[in-house]
Amino acid sequence: MRRPRRLLQLFVLLALPLCSVAATPARPADPQPLPDFRKLVKQNEPAVVNISSTQTPSRQSSARSPGLPEPPNKENPYLEFFRRFFQERPELPGDRQSNSLGSGFIISPDGYILTNAHVAQDADKIIVRLIDQRERPAKVIGVDELTDVAVLKIEGESLPAVKIGDSDTLEVGEWVLAIGSPFGLEHTATQGIVSAVGRNLPSGTYLPFNQREVAVNPGSSG
């Protein structure tokens, strides 16, 4: 009669630690800290420039009656989108000049700048303002309407330049920082995430691009 009782006591002693372990709630994972963009802004802000371009409307476009909208660009709807929402146009026809603002960033210490094609395209004069408020004239090195990319050049040495990343390693959900000049307000920083990679426009005739969810207003183009 004593042996079964001792076995029962031993079983209870062995079971108690197991029950205590099973009843212990799992420790919650440590929350991920929010990103701190201060260091990134300080590193790249000096290389971000403000671009002011001046265009003289062609006489062909000036011949239209006042108030009539410009015909859409059917050959390149991508540029048509930016023409409608980002570029400034004169109110009245004639050989008046129109000014537009944009942004860009220096990609080499000797003054090469990357921006959007719709910022520099058909510009008669382009002025680049550096972070220290110095202004320098720029010339257009090349414009690619298909990808809406343009390369400018200003005179300079040892200019601050950004470090180009590898877009092939970009993943959806990564944080994105944008620095630009929305509405002419220089060096404004906004943040968002990568919302898609390898996008194509509905026409399917353009190179894939990466979609991001970050505030970019007129003047931030580039």
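Since we're looking at a predicted model, the values are computed, not measured.

Peer 1: Could you give me a rundown of the overall build of the protein chain, with the residues and numbers involved?
Peer 2: Each helix and strand in the protein chain was counted, giving 5 helices and 10 strands. Counting every position in the protein chain, which comprises 222 residues, the buried fraction comes to 27%. Entry remark: accessible area of the protein chain is about 15400 Å², with carbon and sulfur atoms responsible for 56%.

Peer 1: Any chance you could break down the packing of aromatic side chains for me, citing the residues and the numbers?
Peer 2: Using the criterion set out here, one finds 1 aromatic pair in the structure. Consider the rings of Phe37 and Trp175, whose centres lie 6.2 Å apart with planes at 75°: the pair is edge-to-face. Of this pair, Phe37 sits in the loop between helix H1 (2-23) and helix H2 (38-44) while Trp175 sits in strand S8 (residues 175-180), placing them 138 residues apart in sequence. On the basis of relative accessible area, Phe37 is assigned to the buried category, the value being 18%. The lysine or arginine in question, Lys153, covers the ring of Tyr112, its NZ or CZ lying 5.4 Å from the ring centre.

Peer 1: Describe the pattern of salt bridges, naming the residues involved and giving the relevant values.
Peer 2: What the rule picks out here adds up to 4 salt bridges. Ionic pairing is found between Asp36 and Arg38, a salt bridge with its closest N-O pair at 2.6 Å. What emerges from the salt-bridge pattern is a single network uniting Arg129, Glu135 and Glu186.

Peer 1: I'd like to hear about a negative patch on the surface, residue by residue, with values.
Peer 2: On the surface, Asp122, Asp124, Asp144 and Glu145 cluster together into a negatively charged patch. As for its placement among the helices and strands, Asp122 is situated in the loop between helix H5 (117-120) and strand S4 (125-129).

Peer 1: Report on the environment of Leu101, specifying residues and quantitative values.
Peer 2: As for its position among the elements, Leu101 is in strand S2 (residues 98-106). Of the residues examined, Leu101 reaches a relative accessible area of 36% and is grouped as partly exposed. Along the chain, Leu101 and Pro182 lie 81 residues apart, while their C-alpha atoms are 8.6 Å from each other. In contact with Leu101, not counting residues within four places along its chain, are Asn50, Ile51, Ser52, Gly184 and Gly219.

Peer 1: Give a detailed account of the side chain of Ser53, specifying residues and quantitative values.
Peer 2: In this fold, Ser53 is placed in strand S1 (residues 48-55). At 3.1 Å, the side chain of Ser53 forms a polar contact with the backbone oxygen of Val119.

The rules we used
Residues numbered from 1 in each chain as written. Predicted model: local features only at pLDDT ≥ 70, side-chain atom pairs only at ≥ 80, totals over all residues. Heavy atoms only, no water. Helix = DSSP H or I, 4+ residues; strand = E, 2+ residues; numbered from the N terminus. Buried < 20%, exposed > 50% of the residue type's maximum accessible area, 1.4 Å probe, protein only. Areas by Shrake-Rupley, 256 points an atom, 1.4 Å probe, with all protein chains shown as cover. Phe/Tyr/Trp six-rings, centres within 6.5 Å; stacked < 30°, edge-to-face > 60°. Lys NZ or Arg CZ within 6 Å of the ring centre and 35° of its normal. Salt bridge = Lys/Arg side-chain N within 4 Å of Asp/Glu carboxyl O. Patch = residues over 30% accessible without salt bridge, like charges linked within 9 Å, V, L, I, M, F, W, Y side chains within 5 Å. Lys, Arg positive; Asp, Glu negative; His and termini not counted. Charge placed at Lys NZ, Arg CZ, Asp CG, Glu CD. Contact = heavy atoms within 4.5 Å. Polar contact = N/O pair within 3.5 Å; in protein donor to acceptor, adjacent residues only side chain to side chain.

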